[in-house]
Amino acid sequence: MCGISGVVGLKNISQLLFEGIKNLEYRGYDSCGVAMMNKTHLIIKKDVGEVEEVYRKHNILQQKSNIGIAHTRWATHGKVNQNNTHPFTSVDGNFAVVHNGIISNYHKLRDQLNKEGYKFVSETDTEVIAHLLQKFFKKNRNIEKALVRTLNLIEGTFALAFICTYLPDHIFCAKRESPLMLGVGDEIKFVGSDFNAFIDYTKNAVILDDGEYAIISRDSFTVKNVLNGEEIIKPITKIEWDSETSKKGGYPHYMLKEIYEQPQTISNALDLENSNLDQVVKMFAKAESSYFLGVGTTFYVAKYAQYIFSELTQKHIPPISSDEFLSLANVNKKTLVFAMSQSGETFDTSSALKYSRSKGAKTAAIVNVMGSSIARMVDEVILQGSGPEICVISTKAALSQMVILTLLAMKLGLKDKVITKKTYQGHLESLKELPGIIQGILNERSGFIHRLANKHCKNKNWLYLGRGIYYPIALESALKMKEVAYVHAEGMPGGFLKHGTLAMIDDDVSSIVFVPPEEKKDLYQSTIHSIEEIRARSGFVLGIHFNEQGKNHQLFSEELILPNVPSLIAPLIQLVIGQLFAYFTATSLKRNVDKPRSLAKSVTVG
Ligand code: F6R
């Protein structure tokens with residue numbers, strides 16, 4: 001969602017503030033704004049556009065100040081225009097506020113403030129905060145008290161930060177359900193939606209919890225509890241990520257860089273074999289019922305988990321999209337709810353986990369971002385160690401999660417004697433081959449996939465078909481295509497074709513089929529059957545298969561032949577093809593790959 005960055009230091013922080021908000025741009029990028037202090041008055045610059053564009057247009061780097069806050073927006077309330085861009089100032093111009101989240105009672109507050117004469121210039125929920133601060137400050141001339149009164153009045157979710165002319169060397173901030181953390185350097189302090197806002201300058205972070213507010217100045221920070229005003233001694237979290245891994249490193253886009261990092265991130269995932277996975281396996285074994293939980297890409301990861309657990313264990317575990325959890329799940333003390341989340345901040349997923357905890361269920365999660373809300377909330381967390389995923393579109397995080405889930409299924413299967421020690425060892429060897437095979441594919445097949453994508457980038461509709469465990473691969477690959485290339489794509493199981501979808505096959509509908517290795521006899525045969533059904537109607541089929549014997553022009557319109565691999569890892573390899581095909585289609589169509597329209601990383605609102 002939106003990104004918040006703030007800096008207070010000894011000297012001019014203009015450049016640091018720019019870098020901080022630029023590094024958070026993946027959270028939202030339809031407009032950007034800053035507030036800085038010029039001795040005693042606020043300088044506000046904001047506009048529609050990406051961070052660099054807005055900075056250039058308004059010469060923001062020329063502004064000099066030792067304190068500032070910035071915001072990059074992903075619109076939820078109100079159109080994308082300059083008026084609706086953060087920061088918002090109070091009517092008297094003394095408070096400037098940035099906010100991420102949704103103030104759910106803002107209509108009521110707005111009506112009330114309007115009656116009291118506070119003039120609104122935007123359609124946003126955030127603006128009420130600026131006016132409330134002014135209103136309460138007027139009463140007792142105490143900024144902290146004004147903040148607490150405001151926090152007690154606003155409902156919903158928020159991470160917010162503000163500066164004000166009355167205390168021009170301090171940033172005030174607070175959070176409820178949206179992420180916010182402090183960066184603690186020598187004679188410089190930061191606030192940010194995540195580490196990326198300050199990782200280049202300090203690796204010491206203080207992660208704020210719900211119901212806390214903080215006041216930071218150049219050489220101090222104080223965190224307090226909103227309810228009783230008591231000071232809280234917060235631990236410093238050392239950020240283990242290297243800021244270099246957050247840079248593009250010569251790749252044209254983060255998406256491509258992150259796809260290419262997968263051999264490494266899968267190795268990192270495999271290194272977890274001897275970590276706390278056994279603990280989580282025990283939780284699965286003990287639970288009377290379990291659910292896999294995720295949303296968007298991680299829902300498809302959850303679907304993959306369903307298949308791999310059905311194959312290797314005695315458990316059939318339904319996946320639930322986090323946003324549908326309350327309607328579907330039936331949780332009690334004997335339930336395990338197992339979530340996947342790259343960011344660890346996704347609102348729908350954390351809400352479902354909170355609900356489960358309130359019912360006494362056990363919770364566990366695979367999370368990429370250490371210190372994130374979900375990582376801290378669950379009973380057992382597996383930190384996947386994939387490093388920062390900056391591109392809005394998830395690639396390496398999802399694939400690593402699938403690898404970890406495969407390991408978990410193998411371990412549970414072994415424990416429950418569904419698979420033998422020998423099979424376990426064989427599967428482990430197969431998984432260990434995965435980084436090398438993916439590296440080979442990236443080295444040798446990217447050019448071909450690029451040409452293929454270029455040739456077919458004008459295709460208007462794609463059906464992505466897979467059967468069995470290839471079905472979640474089809475769903476996830478179709479999602480990549482929609483997200484990054486804005487091309488209509490639908491994932492479905494091959495068996496669905498003859499229940500209606502075949503009627504759609506014509507020159508405007510092309511299909512991509514994920515064909516399993518031939519050794520998976522039934523799955524292979526039924527997939528081939530689906531292809532024949534499409535070809536019988538002269539439909540275009542791009543087949544992605546492992547049959548190295550050679551070309552099969554009759555069956556496929558186009559084919560992408562992969563090396564023979566163990567069947568356990570075949571779907572994971574095909575997912576990489578799905579990622580690359582979407583990426584190259586997007587570049588052929590000149591899409592804004594790392595910042596696709598209408599998508600934001602870390603969806604922290606419901
Ligand atoms: C897809 C994508 C989103 C996320 C979803 C969950 O490429 O990025 O669909 O997968 O918003 O996010 P996390 O994994 O951060 O909980």
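Up top you'll find the structure we're talking about.
It should be emphasised that the depicted structure is a prediction, and the values quoted were computed from it without experimental measurement.

This model, assessed by the stated rule, comprises 23 salt bridges. Residue K396 pairs with E261 through a salt bridge whose shortest N-O separation is 2.7 Å. One end of the pair, K396, is in helix α13 (residues 396-415); the other, E261, is in the loop between α6 (254-260) and α7 (262-270), with 135 residues separating them in the sequence. This pair shows no difference in class: K396 is buried, exactly as E261 is. Each of K22, E25, E50, E52 and K595 takes part in one network of salt bridges that share partners.

Inspection of the secondary structure assignment puts D47 in strand β3 (residues 41-48). Of the polar contacts made by the side chain of D47, one reaches the side chain of K57; its length is 2.9 Å. A distance of 2.7 Å separates polar atoms of two side chains, one belonging to D47 and the other to H58.

Summarising burial for strand β23 (residues 540-545): six of the six residues are buried, a large majority. Where burial is concerned, the two faces of β23 agree: the one with F540, L542 and I544 and the one with V541, G543 and H545 are both buried. One ladder, built from five bridges, connects strand β22 (residues 509-514) with β23; its direction is parallel. Among the inter-strand pairings, S510 is bridged to a residue of β23, identified as F540. Considered for its hand, the β-α-β crossover made up of β22, helix α16 (residues 521-535) and β23 is right-handed.

What follows covers the site of the ligand. Inspection of the region around the ligand gives 13 residues, with S341, Q342, S343, T346 and E483 positioned closest. Separating an oxygen atom of the ligand from a side-chain N or O atom of T346 is a distance of 2.4 Å. Measuring from an oxygen atom of the ligand, one finds a backbone N or O atom of V392 at 3.1 Å. Relative to its unbound accessible surface of 400 Å², the ligand loses 91% to contact with the protein. Class assignment for the residues of the shell around the ligand results in three nonpolar, eight polar and two charged.

Before going further, it helps to spend a moment on the layout of surface pockets. Of the volumes computed, that of the second largest pocket is approximately 390 Å³. What lines the second largest pocket is a set of 19 residues, among which K22, K248, Y254, I390 and K595 lie closest to the centre. Its residues assigned to classes, the lining of the second largest pocket comprises seven nonpolar, five polar and seven charged.

Let us now look at α13. If you check α13, its first and last C-alpha atoms are 29 Å apart, about what 20 residues at 1.5 Å a residue would give, namely 28 Å. Of all 20 residues in α13, 18 are buried; the element is thus mostly enclosed. K417 occupies a position one or two residues after α13 and carries a positive phi of about 60 degrees.

We now examine the packing of helix α4 (residues 127-140) against helix α5 (residues 143-153). Between α4 and α5, whose axes approach to 8 Å, the crossing angle comes to 130 degrees. In this view, α4 runs oblique relative to α5, as classed from their interaxial angle. Here the hand of the crossing between α4 and α5 comes out right-handed. Contacts between α4 and α5 involve I129, L132, L133, F136, F137, K139 and N140 on the former and, on the latter, I143, K145, A146, L147, R149, T150 and L153.

Once that is clear, we can look at the packing of helix α9 (residues 297-312) against α13. At a minimum axis separation of 9 Å, α9 and α13 run at an interaxial angle of 25 degrees. The pairing of α9 with α13 is recorded here as roughly parallel in orientation. As α9 packs across α13, the resulting crossing turns out to be right-handed. Residues T297, T298, V301, Y304, A305, I308, F309 and L312 of α9 lie in contact with α13, whose contacting residues are A398, Q401, M402, L405, T406, L408, A409, M410, L412 and G413. The class makeup of the residues in the contact of α9 with α13 is 13 nonpolar, five polar and no charged.

Another aspect to go through is the nonpolar core. Counting 96 residues, the largest nonpolar core has F338 and L408 as the members making the most contacts within it. At 12 residues, the largest contribution of residues to this core is made by helix α17 (residues 570-588). Inspection of this core shows a minimum of three residues originating in each of domain 2 (251-419) and domain 3 (444-606). The contact partners of F338, leaving out residues within four places of it in the chain, are V280, F284, Y291, F292, L293, A364, A365, I366, I382, L405 and L408. Ranked by size, the runner-up nonpolar core spans 30 residues in total, among them I129, L160, I215 and V226.

For helix α3 (residues 106-115), the full list of buried residues reads Y106, L109, R110 and L113. Buried positions in α3, seen along its axis, are confined to an arc of 100 degrees and lie on one side of it. Opposite its buried face, α3 presents the exposed residues H107, K108 and K115, each directed more than 90 degrees away. Where α3 ends, the next residue or the one after it, G117, has phi of about 100 degrees, a positive value.

Reading the values: the criteria
- Counting restarts for each chain: residues are numbered from 1 in the order of the written sequence.
- Side-chain atom pairs in this predicted model are given and counted only at pLDDT of 80 or more, local residue features only at pLDDT of at least 70, and totals for whole chains, interfaces and linings cover all residues.
- Working from all heavy atoms in the structure, the side-chain values ignore hydrogens and water.
- One side-chain nitrogen of Lys or Arg within 4 Å of one carboxyl oxygen of Asp or Glu is enough to make a salt bridge.
- Numbering of helices and strands runs from the N terminus; a helix is a DSSP stretch of H or I covering at least four residues, while a strand is a stretch of E covering at least two.
- Working definition: with a 1.4 Å probe on protein chains only, accessible area under 20% of the residue-type maximum means buried, over 50% means exposed, and in between means partly exposed.
- Here a polar contact is taken to be a pair of N or O atoms separated by no more than 3.5 Å, where protein atoms must pair a possible hydrogen donor with a possible acceptor and residues adjacent in sequence count only if both atoms sit in side chains.
- When DSSP finds two or more bridges between two strands, those strands count as paired.
- Consider the strands pointing away from the viewer: the crossover is right-handed when the path from the first strand over the helix to the second runs clockwise.
- We call a residue near a molecule or strand as soon as one heavy atom of that residue lies within 4 Å of the molecule or strand.
- All accessibility values rest on the Shrake-Rupley procedure with a 1.4 Å probe; residue burial counts only the protein chains present in the view.
- Just so you know the grouping, Ala, Val, Leu, Ile, Met, Phe, Trp, Tyr, Cys and Pro go in nonpolar, Asp, Glu, Lys and Arg go in charged, and all remaining residues, Gly too, go in polar.
- Two kinds of site are reported from a 1 Å grid over the protein atoms alone, namely cavities, where a 1.4 Å probe fits but cannot get out, and pockets, open sets with protein on both sides within 12 Å along at least five of seven lines, and residues are called lining when an atom falls within 4 Å of a point.
- Grid points are joined across faces, edges and corners, and a volume is the space filled by probe spheres set on the points.
- Helices are assigned an expected span. That span is 1.5 Å times one less than the residue count.
- Lines fitted to C-alpha atoms define the axes, with helix axes restricted to the stretch in contact, and inter-axis angles between N-to-C directions lie between 0 and 180 degrees.
- Relative orientations are named as follows: roughly parallel for angles under 35 degrees, roughly antiparallel for angles over 145 degrees, roughly perpendicular for angles from 65 to 115 degrees, and oblique for any other angle.
- Should the near helix be turned anticlockwise from the far one by less than a right angle, the crossing is left-handed, and should it be turned clockwise, the crossing is right-handed.
- Contact definition: two residues touch when any of their heavy atoms are within 4.5 Å.
- The set of buried Ala, Val, Leu, Ile, Met, Phe, Trp, Tyr and Cys residues whose side-chain atoms join them within 4.5 Å is what this entry labels a nonpolar core.
- Domains are outlined according to an automatic or database domain assignment.
- Taking the helix axis as origin, the arc is that swept by the directions to the C-beta atoms.

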